[in-house]
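Residue-level listing of the chains:
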Amino acid sequence: MTRTLILIRHAKSAWDDPLLADHDRPLNDRGRQAAARIGAWMAVQGLAPDAALVSSAVRAQQTWAGVAGRLPAPPVAATVPGLYHAGPDVMMAVLQAARGDCVAVVGHNPGIAGFAAGLLARPPRHTRFADYPTGATLVARFAVDDWAALRFGTGEAVDFVVPRALPEAD
């Protein structure tokens, strides 16, 4: 059996209010559009997550809302405070506790880039994979029966996209 991970870095956030705590920064207009593009792309690709694990940061929550708004039957997201600025090891522990055949995770850099790179046997051939820009989304498959059996270096990259390369969402 296989498991599929959809690993999404939050979309572009606003820096308008210098008094706003980092955790509370919302998406800017470009970020909202990018989240919708990722969701529309996922729908066209037939990517239907059974579960969504989302950082507690406002920008991550809003990213998932934008993605989910384009999916035919999105799961209700589980807010995972530990994903806020999590490193690869924490992200792995969160994913190993997941349920479902296809799981979406929304997190932050630099942890998400390190996590993505560590998960895969071979990185995708994409010029932006190493820096994992805002809104970047990796789809990876793993030959495991349960997420608890997941190990670093075992994933196969199925796809990697950045919002700018996708058409505008209707």
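Our structure is the block above this text.
Residues numbered from 1 in each chain as written. Predicted model: local features only at pLDDT ≥ 70, side-chain atom pairs only at ≥ 80, totals over all residues. Heavy atoms only, no water.

Trainee: Can you help me understand helix H4 (residues 111-119) in this one?
Mentor: Helical periodicity: at 3.6 residues per turn, an α-helix aligns residues three or four positions apart in one direction. Those residues of H4 that sit buried are Gly111, Ile112, Ala113, Phe115, Ala116 and Leu119. Looking at the packing, one finds that the buried side of H4 touches strand S1 (3-9), helix H3 (88-96), strand S4 (102-107), strand S5 (120-122), strand S6 (137-142) and strand S7 (155-161). (Buried < 20%, exposed > 50% of the residue type's maximum accessible area, 1.4 Å probe, protein only. Helix = DSSP H or I, 4+ residues; strand = E, 2+ residues; numbered from the N terminus. Contact = heavy atoms within 4.5 Å.)

Trainee: Before we go on, may I ask you to explain unusual backbone geometry in this structure?
Mentor: With the exception of glycine, most residues fall at negative phi, and the peptide bonds are largely trans. Here the amide bond leading from asparagine 109 into proline 110 is cis, since omega sits at 10 degrees, within 30 degrees of zero. Within the secondary structure, proline 110 is located in the loop between S4 and H4. Unusually for a residue other than glycine, histidine 85 sits at a positive phi of about 55 degrees. Here histidine 85 shows up in the loop between strand S3 (77-80) and H3. Residue histidine 85 is classed as partly exposed on the basis of its relative accessible area, which comes to 41%. Phi is positive for tyrosine 132, close to 45 degrees, though the residue is something other than glycine. For tyrosine 132, a relative accessible area of 0% corresponds to the buried category.

Trainee: Got a minute to help me understand H3 in this structure?
Mentor: Of the residues making up H3, those classed as buried are Met91, Met92, Val94 and Leu95. One face of H3 carries all of its buried residues, which in axial projection span an arc of 160 degrees. Lining the buried residues of H3 we find S1, strand S2 (51-55), S3, S4 and H4. (Arc of directions from axis to C-beta.)

Trainee: What should I look at first to understand the side chain of histidine 10 in this one?
Mentor: On the secondary structure map, histidine 10 appears in the loop between S1 and helix H1 (29-45). Other than its neighbours up to four places away in sequence, histidine 10 contacts Arg59, Ala60, Thr63, Val106, Gly107, His108, Thr134 and Gly135.

Trainee: I keep staring at the nonpolar core and nothing clicks. Help me out?
Mentor: As a rule of thumb, soluble globular proteins bury nonpolar side chains together. In this structure, Leu5, Leu7, Leu95, Val105, Tyr132 and Leu138 are the most contacted members of the largest nonpolar core, which totals 31 residues. Breaking this core down by element, the ones donating at least two residues are S1, S2, H3, S4, H4 and S6. Looking at this core, the element that brings in the most residues is H4, giving 5 residues. Those residues in contact with leucine 95 that lie beyond four places of it in its chain are Leu5, Val103, Val105, Phe115, Trp147 and Leu150. By size, the runner-up hydrophobic cluster in this structure holds 21 residues, among which are Ala35, Val54, Val67 and Ala68. (Core = buried A, V, L, I, M, F, W, Y, C linked by side-chain atoms within 4.5 Å.)

Trainee: Looking at this structure, I do not really get the layout of surface pockets. What am I missing?
Mentor: In this approach the atoms are scanned with a rolling probe the size of a water molecule, which exposes any empty space left behind. The computed volume of the largest pocket comes to approximately 270 Å³. Along the lines of polarity and charge, the residues of the lining of the largest pocket split into 4 nonpolar, 3 polar and 6 charged. (1 Å grid on protein atoms, 1.4 Å probe; cavity = no way out; pocket = protein on both sides within 12 Å on 5 of 7 lines; lining within 4 Å. Points joined across faces, edges and corners; volume = space filled by probe spheres on them. Nonpolar A, V, L, I, M, F, W, Y, C, P; charged D, E, K, R; others polar.)

Trainee: What should I look at first to understand the packing of aromatic side chains in this one?
Mentor: Geometrically, a pair of aromatic rings is defined through the distance of the ring centres and the angle of the planes. All told, the structure shown has 5 aromatic pairs when counted by the stated rule. Each ring, one from tyrosine 132 and one from phenylalanine 160, has its centre 5.2 Å from the other, and the planes form 70 degrees; the classification is edge-to-face. Here the residue tyrosine 132 occupies a position in the loop between S5 and S6, and phenylalanine 160 occupies one in strand S7, the gap between them amounting to 28 residues. The class of phenylalanine 160 is buried, set by a relative accessible area of 6%. Taken together through their ring pairs, the aromatic side chains of Phe129, Tyr132 and Phe160 make up a single cluster. (Phe/Tyr/Trp six-rings, centres within 6.5 Å; stacked < 30°, edge-to-face > 60°.)

Trainee: Would you take a moment to explain the pairing of S1 for this structure?
Mentor: Taken residue by residue, a regular strand's side chains alternate between the two faces of the sheet. The buried fraction of S1 amounts to 7 of the 7 residues, a majority that puts the element mostly inside the structure. Side chains of S1 alternate between two faces, with Arg3, Leu5, Leu7 and Arg9 and Thr4, Ile6 and Ile8 buried alike. Relative to S4, S1 runs parallel, the two sharing 6 bridges. Looking at S4, one finds that leucine 7 is bridged to valine 105. (Pairing = 2+ DSSP bridges.)

Function-wise, these values are silent; they only describe arrangement.
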